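Overview (structure and organization)
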Amino acid sequence: MGDGLFITLEGIDGVGKTTQARLLVEYLLQQGYDVVHTFEPGGTSLGQAIRKLLLDPENHQLEPVTEILLYAADRAQHVAEVIRPALAEGKVVVCERYIDSSVAYQGYGLDLSVDMIVAVNKLATAGLEPDLTICLDAEPQTVLARVGGDRIEQRDLAYHERVRSAFLSIAAQNPQRVVVVSAEGTEWEVSQRVQRSLAGRLA
Ligand code: TYD
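What counts and how
Residues numbered from 1 in each chain as written. Predicted model: local features only at pLDDT ≥ 70, side-chain atom pairs only at ≥ 80, totals over all residues. Heavy atoms only, no water. Helix = DSSP H or I, 4+ residues; strand = E, 2+ residues; numbered from the N terminus. Buried < 20%, exposed > 50% of the residue type's maximum accessible area, 1.4 Å probe, protein only. Contact = heavy atoms within 4.5 Å. Near = heavy atom within 4 Å. Polar contact = N/O pair within 3.5 Å; in protein donor to acceptor, adjacent residues only side chain to side chain. Areas by Shrake-Rupley, 256 points an atom, 1.4 Å probe, with all protein chains shown as cover. 1 Å grid on protein atoms, 1.4 Å probe; cavity = no way out; pocket = protein on both sides within 12 Å on 5 of 7 lines; lining within 4 Å. Sits in = over half its atoms within 2 Å of the grid points. Nonpolar A, V, L, I, M, F, W, Y, C, P; charged D, E, K, R; others polar. Core = buried A, V, L, I, M, F, W, Y, C linked by side-chain atoms within 4.5 Å. Phe/Tyr/Trp six-rings, centres within 6.5 Å; stacked < 30°, edge-to-face > 60°. Lys NZ or Arg CZ within 6 Å of the ring centre and 35° of its normal. Points joined across faces, edges and corners; volume = space filled by probe spheres on them.

1. Some words on the overall build of the protein chain
A tally of helices and strands in the protein chain yields eight helices and five strands. In the protein chain, the succession of α and β elements from N to C terminus is β-α-β-α-α-β-α-α-β-α-α-β-α. Based on the C-alpha atoms only, the size of the protein chain along its principal axes is roughly 45 × 35 × 30 Å. Expressed as a percentage of the 203 residues in the protein chain, the buried residues total 50%.

Rendered as structure tokens:
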């Protein structure tokens, strides 16, 4: 699997993931690491087409199982094309969202079988798991106002509350891998917390 480090960032919509991913990448570059910044859904050209299908508010007819499989298909392509090759070259991969998002948004959020989602994603990724997951946490009520309103973001507050508690449960079940970081405060304050969560993880 190579000697790289696979870091994922997770959290509900509007929590500031992209900003924090950028700040984390900048920090790692300053420390001299070779870093790849990527994201799901849409981290490959094929994935961009899948992302459009998933987020277009016009696609009301999308079945929940189709939704699961499209996120997994995007991920399969992304792992094969971007993540594994970078890790094999010893790089640090910073990825916005990964399997935890499918478990939280489709599993807990839509009340679908988490076991089934985990199994589908094992197939999609050939079992690739992150070395570290940073889960940015905030109240949906305070951060949802920041988001644009794509097909997933348009779901109601109760849905986003379930997704938030799902991320917290995933963190509680995987304490070695997942660190919960409060997303409250300034971007700089949050970035300092993110950097502290790397302690002991970098070679
Ligand atoms: P994201 O790109 O993080 O949102 P944006 O760039 O619009 O801020 O993710 C798009 C949406 O897809 C987001 O609402 C979360 C959702 N999502 C899932 O429901 N399941 C998944 O497996 C992933 C990766 C994302």
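2. A few points about the side chain of His160
Inspection of the secondary structure assignment puts His160 in helix H7 (residues 157–173). Looking at His160, the relative accessible area reads 0%, which means it is buried. If we ignore the near neighbours within four places in the chain, the residues touching His160 are Ile12, Asp13, Pro140, Leu144, Ile152, Glu153 and Arg155.

3. A look at the site of the ligand
Looking at the ligand, there are 16 residues lining it, with Arg51, Tyr71, Arg97, Ser102 and Gln106 nearest. Within the contact set of the ligand, an oxygen atom lies 3.3 Å away from a side-chain nitrogen or oxygen of Lys17. At 2.8 Å from an oxygen atom of the ligand is found a side-chain nitrogen or oxygen belonging to Tyr71. The fraction of the free accessible surface of the ligand (550 Å²) that becomes covered by protein chains is 87%. Judged by the fraction of its atoms near the pocket grid, the ligand is located in the largest pocket. Listed by contribution, the elements that provide at least two residues to the shell around the ligand are helix H2 (45–55), helix H3 (64–88) and helix H4 (99–110). Broken down by element, the shell around the ligand gets its largest block of residues, four residues, from H4. Of the residues assigned to the shell around the ligand, the class counts are five nonpolar, three polar and eight charged.

4. Considerations on the nonpolar core
Core analysis: the biggest nonpolar cluster contains 58 residues, and Ile7, Leu24, Leu28, Ile83, Val94, Ile134 and Leu136 have the highest contact counts within it. If you tally residues by element for this core, the top one is H3, at nine residues.

5. Some remarks on the packing of aromatic side chains
For the structure on display, the rule yields three aromatic pairs. Consider the rings of Tyr105 and Phe167, whose centres lie 6.2 Å apart with planes at 75°: the pair is edge-to-face. One end of the pair, Tyr105, is in helix H4; the other, Phe167, is in helix H7, with 62 residues separating them in the sequence. Given a relative accessible area of 4%, Phe167 falls into the buried group. The cationic tip of Arg75 hangs over the ring face of Tyr98; the distance from NZ or CZ to the ring centre is 5.6 Å.

6. Some words on empty space enclosed by the protein
The tally for this structure, following the rule as stated, stands at one cavity of 30 Å³ or more. Roughly 30 Å³ of volume is contained in the largest cavity. Surrounding the largest cavity, Gly11, Ile12, Cys135, Leu136, Asp137, Ala138, Arg164 and Phe167 form its lining. Looking at the lining of the largest cavity, the elements that each hand over two or more residues are strand S4 (132–137) and H7. Considered class by class, the residues forming the lining of the largest cavity number five nonpolar, one polar and two charged.

7. Remarks on unusual backbone geometry
Excluding glycine, residues mostly carry a negative phi; peptide bonds, for their part, are mostly trans. Here Glu40 and Pro41 are connected by a cis peptide whose omega angle stands at -10°. By secondary structure assignment, the location of Pro41 is in the loop between strand S2 (35–39) and H2. A positive phi angle, close to 60°, is found at Asp111, a residue other than glycine. Note on placement: Asp111 falls in the loop between H4 and helix H5 (114–125). Phi at Ala126 takes a positive value of approximately 50°, unusual for a residue other than glycine. Summarising the element assignment, Ala126 is placed in the loop between H5 and S4.

Nothing here speaks to function; it is geometry throughout.
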